[in-house]
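The lines below spell out each chain.
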Amino acid sequence: MLDKFKDECGVFGVYGNAEASKLAYLGLYALQHRGQESGGIVASDGGTLRAARGMGYVADIFDEQTLAPLVGTSAIGHVRYSTAGESRLTNAQPILIDCVHGQIAVCHNGNLVNERELKDWLSSQGAIFQTSSDTEVFLHLYARSQAAHAEDALIEAASQAQGAFSLLFLLKDRLVAVRDPHGFRPMALGRLGDAWVVCSETCALDLIGATYERDVEPGEVLIIGPDGLRSVRPFPRAALSHCIFEHVYFARPDSLVFGESVNQVRTNLGRYLARESRVAADVVVPVPDSGVCAAVGYSEGSGIPLQFGLIRNHYVGRTFIEPQQSIRHFGVKVKLNPVRSILQGRRVVLIDDSIVRGTTSRKIVKMIKAAGAKEVHVRISCPPTVSPCFYGIDTPRRNDLIAATHTIDEVRKYIDADSLQYLSMEGLLQSVNSHRERYCTSCYTGRYPVPFPRDEAAFLQLPLGLDTRTQIDR
Ligand code: SF4
């Protein structure tokens, strides 16, 4: 499979529409890029919450029959890639429980950095965990709360969490959206007639014909119920840390995240990259799909024509059968194929959004050279990724990130490119039009806005010279 940071999760909620579960299904369909391992929907008819969850893609999990029992005018849904906890059905979300405060369902995009401490404490108090995901912690904290009102119990639970959380809770007559005070993960609020919609990215609003109203603000709790929408801000203020990687890679280019067009930011990344790392070449070729917008920007900035010299097969499923006589680089070949007529005899600028372990980049460069390219100059639309993420993205550990343990020239040699350049941190921050100080850039700097677990800290603090796990095979 392609060597990328893994997408995290996507959440979608709707309140006040007779077809709530069908809208949730469509919303999740639009958010499928944020998680492909499992999906689920919980709907409320005002008295009872009902759930349907499964492994795999949204279109495979749900059909008319699965959606039929999910009656009611409010629903929440989730697509998941396992950033915390392994991949199995019991970890699929939303998680639905019944407790002293009544039925409640939750779904979560993000990752708690104090999960271990909270779980240890809850276990010592007798809590029994059904899943290995950090999201369940919220439900245990909620169930134990002595607060008289369910909303207060929810706020009390969320107040004990540290890290990244964009959460949706569904109660029998209310939908509650909670975003952590740092605002790591995006969350948008929309309107569909009289109904309210809350979702990870605005592309989900577009699909169901809803209008974008605004973002759910960092640190904001939105309570949507029979009396309308109410906003409270129960958490202490914190420095904002929007995940800049949402713009670089994760989010769909047709979405607005953190108030900015992803397409626009990604195109800017390419323009700055062209300014910083010009090279004499004949053609700009994106690694599809995530490199396309930056390649457009690079082409505009450099004046070198853009052509689609790599074609992506969009219909590759989760697994594929390989012939017994194994084919070299099959995993990449089955997804990407070079266009010889574009590449033959040309000097190629290859635009990609990141290099993680370097394994895929190496195969792609080889593929392009085998198709007849004279030179391959790799340009990456962000700085070298040198540190893992603890805020909701599945990343390898530091020692497996090639740029953390090798110089840029060593990486260039490994991927066998004629030249390699990354976008500078300044170029990255210039590309987000507003409020550069609001972004988390920890995977490029190793400076973390929210402290992470001690064992990870020890691992990260290994001096570079002692790293032995990533060996470059030449
Ligand atoms: S560490 Fe990187 S991937 Fe994680 S939240 Fe920060 S910018 Fe995003």
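Residues numbered from 1 in each chain as written. Predicted model: local features only at pLDDT ≥ 70, side-chain atom pairs only at ≥ 80, totals over all residues.

> Describe the packing of helix α5 (residues 136-144) against helix α6 (residues 150-159), and please don't skip the residues or the numbers.
The interhelical angle for the contact between α5 and α6, taken along N-to-C directions, is 130 degrees, at an axis separation of 8 Å. Between α5 and α6, the angle is such that the two are oblique. Seen from above, α5 lies across α6 with right-handed handedness. Packed against α5, whose contacting residues are Phe-138, Leu-141 and Tyr-142, the element α6 presents Ala-153, Leu-154, Ala-157 and Ala-158 at the interface. Taken together, the residues of the contact of α5 with α6 sort by class into seven nonpolar, no polar and no charged. (Axes fitted to C-alpha atoms, helices over the stretch in contact; angles between N-to-C directions. Helix = DSSP H or I, 4+ residues; strand = E, 2+ residues; numbered from the N terminus. Parallel < 35°, antiparallel > 145°, perpendicular 65-115°, else oblique. Left-handed = near helix turned anticlockwise from the far one by under 90°. Contact = placed C-beta atoms within 7 Å. Nonpolar A, V, L, I, M, F, W, Y, C, P; charged D, E, K, R; others polar.)

> Could you give an account of the domain arrangement of the protein, with specific residues and numbers?
Each assigned domain of the protein is listed with its residue range as follows: domain 1 (9-238) and domain 2 (265-316 + 328-433). On a C-alpha basis, the centres of domain 1 and domain 2 stand 35 Å from each other. For the side of domain 1 that touches domain 2, the secondary structure elements donating two or more residues are β6 (102-112) and β7 (163-171). Ranked by residues supplied to the side of domain 1 that touches domain 2, first place goes to β6 with three residues. Looking at side-chain class alone, the side of domain 1 that touches domain 2 contains four nonpolar, five polar and one charged residues. (Domains from an automatic or database assignment.)

> Requested: an account of the sheet that holds strand β17 (residues 283-286), with residues and values cited.
Reading across from one edge, β17-β20-β21-β22 is the order of the four strands in this open sheet, with parallel pairing throughout. The sheet is open, and its two edges are formed by β17 and β22 (419-422), each paired on a single side. Taking the axes of each pair of neighbouring strands and ignoring which way they run, one obtains an average angle of 20 degrees across the sheet. Two elements, β17 and strand β20 (residues 347-352), share four bridges in a ladder whose sense is parallel. Among the inter-strand pairings, Val-283 is bridged to a residue of β20, identified as Val-348. (Pairing = 2+ DSSP bridges.)

> For the nonpolar core, give the residues involved together with the corresponding values.
Within the largest apolar cluster, 144 residues are counted, with the highest numbers of intra-cluster contacts made by Ala-24, Ile-76, Phe-138, Leu-168, Phe-169 and Val-198. If one sorts the elements of this core by residue count, β7 sits on top with seven residues. Mapping this core onto the domain boundaries places at least three of its residues in each of domain 1 (9-238) and domain 2 (265-316 + 328-433). Among residues more than four places away in sequence, those in contact with Leu-168 are Val-11, Gly-13, Ile-76, Cys-107, Leu-175, Ala-177 and Val-198. (Core = buried A, V, L, I, M, F, W, Y, C linked by C-beta atoms within 7 Å. Buried ≥ 20, exposed ≤ 12 C-beta atoms within 10 Å, placed from the backbone.)

> Explain the pairing of strand β4 (residues 74-80) to me, using residue names and the numbers behind them.
Burial analysis of β4 places seven of its seven residues in the buried class, the great majority of the element. Covered by surrounding structure in β4 are Ser-74, Ile-76, His-78 and Arg-80 together with Ala-75, Gly-77 and Val-79, the residues of both alternating faces. As paired elements, strand β1 (residues 9-15) and β4 share seven bridges and run antiparallel to each other. Residue pairing for β4: Gly-13 is matched across the bridge by Ile-76. One ladder, built from seven bridges, connects strand β2 (residues 38-44) with β4; its direction is antiparallel. Counted as the bridge partner of Gly-40 is His-78 from β4.

> Just give me the short version of helix α10 (residues 292-302), but keep the residues and values in it.
Across the eleven residues that make up α10, a large majority, nine, are buried. Turning to α10, its buried residues number three or more, namely Val-292, Cys-293, Ala-294, Ala-295, Val-296, Gly-297, Tyr-298, Ser-299 and Ser-302. Contacts made by the buried residues of α10 are with α9 (262-276), β17, β20 and β21 (375-380). Of the residues one or two after α10, Gly-303 is the one with positive phi, at around 80 degrees.

> Would you mind going over the confidence of the model for the protein in detail, with residue names and values included?
Residues at a pLDDT of 70 or more form 91% of the protein, whose mean pLDDT is 91. Residue range residues 458-474 is modelled with pLDDT below 50. Its contacts to residues more than four positions away, or to other chains, number 18 contacts. (pLDDT = per-residue confidence, 0-100.)

> Can you tell me about the environment of Ser-277, naming the residues and giving the values?
Here Ser-277 is to be found in the loop between α9 and β17. Assessed through the 21 C-beta atoms surrounding it within 10 Å, Ser-277 is described here as buried. Along the sequence, Ser-277 and Tyr-422 sit 145 residues apart, while their C-alpha atoms lie 8.1 Å from each other. Aside from chain neighbours lying at most four places away, what touches Ser-277 is Arg-379 and Gln-421.

> I'd like a description of the site of the ligand, backed by residues and values.
Around the ligand sit Phe-184, Cys-243, Ile-244, Phe-245, Cys-389, Tyr-391, Ile-393, Cys-440, Thr-441, Ser-442 and Cys-443, and that is every residue in its neighbourhood. For the shell around the ligand, the residue count by class is nine nonpolar, two polar and no charged. (Near = placed C-beta within 6 Å.)

> Run through the packing of α9 against α10, naming residues and quoting values.
In the contact formed by α9 and α10, the axes pass within 6 Å of each other and the chain directions differ by 45 degrees. Taken together, the axis directions place α9 and α10 in an arrangement best described as oblique. Viewed along their axes, α9 and α10 form a crossing whose handedness is right-handed. Touching Asn-263, Arg-266, Thr-267, Asn-268, Leu-269, Gly-270, Arg-271, Leu-273, Ala-274 and Arg-275 of α9 are Cys-293, Ala-294, Ala-295, Val-296, Gly-297, Tyr-298, Glu-300, Gly-301 and Ser-302, all from α10. Broken down by class, the residue content of the contact of α9 with α10 amounts to eight nonpolar, seven polar and four charged.

> Hey, could you go over the sheet that holds β2 for me, with residue numbers and the actual values?
Strands sit in the order β3-β2-β4-β1-β10-β9-β11 across an open sheet of seven strands; the sheet is antiparallel. Taken across any chain shown, the strands that pair with only one partner, and hence form the sheet edges, are β3 (49-55) and β11 (211-215). Direction aside, neighbouring strands of the sheet carry axes that sit 15 degrees apart on average. The pairing of strand β9 (residues 188-192) with β11 spans four bridges and is classified as antiparallel. Among the inter-strand pairings, Gly-190 is bridged to a residue of β11, identified as Tyr-212.

> Residues and numbers for helix α1 (residues 20-30), please.
Within α1, eight of the eleven residues are buried, which leaves it mostly tucked inside the rest of the structure. For α1, the full list of buried residues reads Ala-20, Ser-21, Leu-23, Ala-24, Tyr-25, Gly-27, Leu-28 and Ala-30.

> Tell me what's going on with unusual backbone geometry, and back it up with residues and numbers.
Geometrically, the link from Gln-93 to Pro-94 is a cis peptide bond, its omega value of 5 degrees lying close to zero. Tracing the chain through its elements places Pro-94 in the loop between β4 and β5 (95-99). Note that the residue after Pro-288, namely Asp-289, is joined by a cis bond; omega there is -5 degrees. If you check the backbone angles, Phe-258 has positive phi at about 55 degrees while not being a glycine.

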